[in-house]
Amino acid sequence: MNDPQKFPVSIEELARLFSQHMPHGRDVGMVLDDLSADGKTRMRLPPQPLLSGDPGGKFFFPGTLFSLADSACGLAVFRALGRYLPIATIDMRIDHLAPATMDGDLVAVAECYRLTQPIAFARCELLCGPQSKVAAIAVGTFMLSSSSRGVPDMTRFTGGRQR
Amino acid sequence: MSTTHDSDGIDAQVARERIAATLQAIPYTRHLGVRLANHGAADGVVFHLPFDGRLIGNVTLPAIHGGVVATFMEAAALAATYALIDEGLPPKLVDFSIDYLSSAGPIDLYAQCEMHRVGKRIAAVGVRCWQRNVDAPIALGRAHVFVAASASDAAVMEEHD
């Protein structure tokens, strides 16, 4: 599967394609940052009124943090694997330490801290505001697919609107 | 603050109206399209999220994004809790935990809440989410929701305003 003939796209490129063409991510405006030097996966969600949880538009709705954490953790597992393998979230928990203010991008910093067969463990901090305050912490487990279905058909990802 | 924590003390129609008002007041639940199902009056309120292509998280399966399922269940827990209290507080979630039992196919989602305990300060709420078959949930969730912030809680929350 790591044969370059069969696997023409790098895992970084694949992660980028996934994040760019995932309909829900595109709908809310999620952005995947390049793999950082500390090995962590960073995703951002710029504020916009429709993402707020209060009529005044001061705070992100809790679910937007969950979606960003789930996506970032999934891509962190993906990068830890270093190859394409379908994964499924088994469970995830999020603790809201403080309301997530909309005075800057919401940033998810995720890492896969343990990779076994067939379970991967990932965790994520969600930071908000100019001071990068920790708004929430999420922890999740992921099941790695037993069936090696190979690289997905990229044409299914390239039809969508580029952001 | 005068609150009613006894769900039997609230008229079912009043509860439905309050839930609908909460879902309308939150920009993100309005954006996703979370609403009340028309049925379910006999055994409690049923929440409904009609399928839309933009909710997809996995294009190959295809499946609704796990975060959308979680958001829908969180919204249900928050709205169900706020229907029980008199004052229009902004929804505050302490924590949320979800077990995914199967992937969510590209069809409508439904959810129902069970108020495990509604205390003076927080409520413990269970949420089940299903698609075609009410007896085969695709996800189970558990939430703690702030019911009433005490003076000290308020100070902690205000810090971030």
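Here the structure is a predicted model, which is why all the values come from computation and not from measurement.

1. Observations concerning the overall build of chain B
Within chain B one finds four helices and eight strands. Shown N-terminal to C-terminal, the secondary structure of chain B runs as helices and strands in the order α-α-β-β-β-β-α-β-β-β-β-α. Counting the 161 residues in chain B, one finds 39% classified as buried. Of the contacts formed within chain B by residues at least 6 apart in sequence, a portion of 62% connects residues at least 24 apart.

2. Comments concerning the nonpolar core
Ranked by internal contacts, the top residues of the largest apolar core, which has 91 residues, are L65, A69 and L126 of chain A together with F72, M73 and A76 of chain B. Take this core: its biggest share by element is 12 residues, from helix α3 (residues 66-82) of chain B. Non-local contacts of A69 of chain A, meaning those with residues more than four positions away in its chain, are made with I94, A108, C124, L126 and A138 of chain A.

3. Focus on helix α1 (residues 11-21) of chain A
The α-helix advances 3.6 residues per turn, and as a result positions three or four apart in sequence lie on the same side. Residues and elements named next belong to chain A. Inspection of α1 places L14, A15, F18 and S19 among the buried residues, and these make up the whole buried set. Taken end-on, α1 shows its buried residues confined to a sector of 130°, consistent with a single buried face. Looking at the buried residues of α1, the elements they touch are α2 (23-28), β1 (31-32) and α3 (62-81).

4. Examining the packing of α1 of chain A against α3 of chain A
Two packed helices can be described by the angle between their axes and the distance between those axes. All names here are of chain A. Relative orientation of the contacting elements α1 and α3 amounts to 160°, with a least axis distance of 10 Å. Accordingly, the angle class assigned to the pair α1 and α3 is roughly antiparallel. Taken as a pair, α1 and α3 cross one another with a handedness that is right-handed. Every residue of α3 that contacts α1 at I11, A15, F18 and S19 is listed here: S71, L75, F78 and R79.

5. Quick word on the confidence of the model for chain B
Residues and elements named next belong to chain B. In this model, chain B carries a mean pLDDT of 84, and residues with pLDDT of at least 70 account for 79%. No element of chain B has a lower mean pLDDT than helix α4 (residues 151-158), which averages 46, and none a higher one than strand β5 (residues 93-100), which averages 98. The model gives residues 1-7 a pLDDT under 50, and that stretch makes 15 contacts with residues more than four places away or in other chains. Within the model, pLDDT remains below 50 along residues 151-161, and this stretch shows seven contacts once partners closer than five positions in the same chain are excluded.

6. Some words on the confidence of the model for chain A
Residues and elements named next belong to chain A. Looking at chain A as a whole, its pLDDT mean stands at 86, while 84% of the residues score no less than 70. At the level of individual helices and strands, chain A shows its lowest average pLDDT in α1, which scores 84, and its highest in strand β5 (residues 119-128), which scores 98. In this model, residues 1-5 is a region of pLDDT below 50 whose contacts with residues beyond four sequence positions or in other chains number six contacts. A low-confidence stretch, residues 154-163 (pLDDT under 50), is modelled with 14 contacts involving residues beyond four sequence positions or located in other chains.

7. Section: the pairing of β5 of chain B
Regular strands show a simple pattern: their side chains alternate between the two faces of the sheet. Inspection of the sheet shows strand β3 (residues 87-96) of chain A paired to β5 of chain B by five bridges, in the antiparallel sense. Residue pairing for β5 of chain B: I94 of chain A is matched across the bridge by F96 of chain B. Of the strand pairs in this sheet, β5 of chain B and strand β8 (residues 139-146) of chain B are connected by seven bridges, and their pairing is antiparallel. Across the sheet, residue Y100 of chain B finds its bridge partner in β8 of chain B, namely A139 of chain B.

Procedures and definitions
- Residues numbered from 1 in each chain as written.
- Chains lettered and ligands numbered in written order.
- Predicted model: local features only at pLDDT ≥ 70, side-chain atom pairs only at ≥ 80, totals over all residues.
- Helix = DSSP H or I, 4+ residues; strand = E, 2+ residues; numbered from the N terminus.
- Buried ≥ 20, exposed ≤ 12 C-beta atoms within 10 Å, placed from the backbone.
- Contact = placed C-beta atoms within 7 Å.
- Core = buried A, V, L, I, M, F, W, Y, C linked by C-beta atoms within 7 Å.
- Arc of directions from axis to C-beta.
- Axes fitted to C-alpha atoms, helices over the stretch in contact; angles between N-to-C directions.
- Parallel < 35°, antiparallel > 145°, perpendicular 65-115°, else oblique.
- Left-handed = near helix turned anticlockwise from the far one by under 90°.
- pLDDT = per-residue confidence, 0-100.
- Pairing = 2+ DSSP bridges.

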